[in-house]
Amino acid sequence: MNTLDNEQMTARAWFEELRDLICAEFEAIEREAGSSAAFDYTAWDRQDPSGEHGGGGVRGVMKGRVFEKVGVNVSTVGGRFENEFGKTIHGASEDPSFFATGISLVAHMSNPHVPAVHMNTRFLVTTKRWFGGGADLNPPLPIEEDTADFHGALKAACDAHHPEHYGRFKKWAEDYFYIPHRKVHRGVGGIFYDHLEGDFADNFAFTQDVGRAFLDVFPRIVRRRMNLPYTDAEIAQRNAWRGRYAEFNLVYDRGTLFGLKTGGNIDAILMSLPPVATWA
């Protein structure tokens, strides 16, 4: 992988800093619940099809009392797309060279009243440079207060940068996080954006604010719900809902496909899958 330029290094450093902040907050929640659970970090390297070193990343996983399974991954990879895959990527149809750095998080919770969550932000370089990402809330048992707080935090982050961001990116999430063969959304939405290019400083600042908004709102929701009592029937509902989540990530999720097509770490790519799920 080539030497990183200033923009690439700046983005990578932020994603790694955000990983550290999120993991520390999640471990603090486990301490509040009387658990000693902590993240286990595993570094991995990627070899590009060209034979050159293609970067790598760090997979972080914690299994605790509140977080039944949470993965927080960071990666910085680069090289050349193989075969026809590059033609599907923004700016890579003629030149298959690419660079990508980002953070990806999925949390599956023990208590069915605590929503699962996904968050991902990234910076990609082909013949173009852009940011993408978003966050969406995935409660097995939706609670309107939590949905409103989650969307409110993301709306505030969007509104600080552009008045049209929230409406556009909320609709994008609704369209993207949808399971066509089930004809249902996988959760209560959030925001999703991609190909945000042009002014690096502005787009980077927005991406940082999305990460900060997530770090602010999701731990508050977890603390609000993690001690609520629940029934075996609610656990069964949680596990059935997780089956839908797994179907989306294996069939439709573009991040999963990107990781598999670019030789990423399999365990890191599939950390989004829940530890237990059921199908009828």
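Rules used throughout
Residues numbered from 1 in each chain as written. Predicted model: local features only at pLDDT ≥ 70, side-chain atom pairs only at ≥ 80, totals over all residues. Heavy atoms only, no water. Helix = DSSP H or I, 4+ residues; strand = E, 2+ residues; numbered from the N terminus. Rg over C-alpha atoms; globule rule 2.2 N^0.38 Å. Buried < 20%, exposed > 50% of the residue type's maximum accessible area, 1.4 Å probe, protein only. Contact = heavy atoms within 4.5 Å. Areas by Shrake-Rupley, 256 points an atom, 1.4 Å probe, with all protein chains shown as cover. Pairing = 2+ DSSP bridges. Axes fitted to C-alpha atoms, helices over the stretch in contact; angles between N-to-C directions. Phe/Tyr/Trp six-rings, centres within 6.5 Å; stacked < 30°, edge-to-face > 60°.

Scanning the protein chain from N- to C-terminus turns up 7 helices and 9 strands. Taken over the C-alpha trace, the protein chain has a radius of gyration of 18 Å; the compact-globule value for 280 residues is 19 Å, and the two agree within 12%. Each principal axis of the C-alpha atoms in the protein chain carries an extent, and together these give about 55 × 40 × 40 Å. Considering the protein chain as a whole, with its 280 residues, one finds that 52% of them fall into the buried category. Residue pairs in contact within the protein chain that sit at least 24 positions apart in sequence constitute 68% of those at least 6 positions apart. For the protein chain, the accessible surface area stands at approximately 12,500 Å², while carbon and sulfur atoms represent 50% of it.

Once that is clear, we can look at the sheet that holds strand 1 (residues 40-47). On the basis of which strands lie adjacent, the open sheet formed by 7 strands has the order 1-2-3-4-5-6-9 and antiparallel pairing. The open sheet has two free edges, formed respectively by strand 1 and strand 9 (189-196), since each of these has just one partner strand. The average undirected angle you get between the axes of adjacent strands in this sheet is 10 degrees. Contacting strand 1, strand 2 (53-62), strand 3 (67-80), strand 4 (97-109), strand 5 (116-125) and strand 6 (129-138), helix 1 (residues 6-32) crosses the sheet at an angle of about 10 degrees to strand 4.

Counting across every chain of the model gives 22 aromatic pairs. An angle of 65 degrees between the planes, with centres 6.1 Å apart, marks the rings of Phe26 and Phe218 as edge-to-face. Placement of Phe26 in helix 1 and of Phe218 in helix 4 (residues 200-225) is noted, with a sequence separation of 192 residues between them. Classification of Phe26 as buried rests on a relative accessible area of 0%.

Structural measurements only, silent on function.
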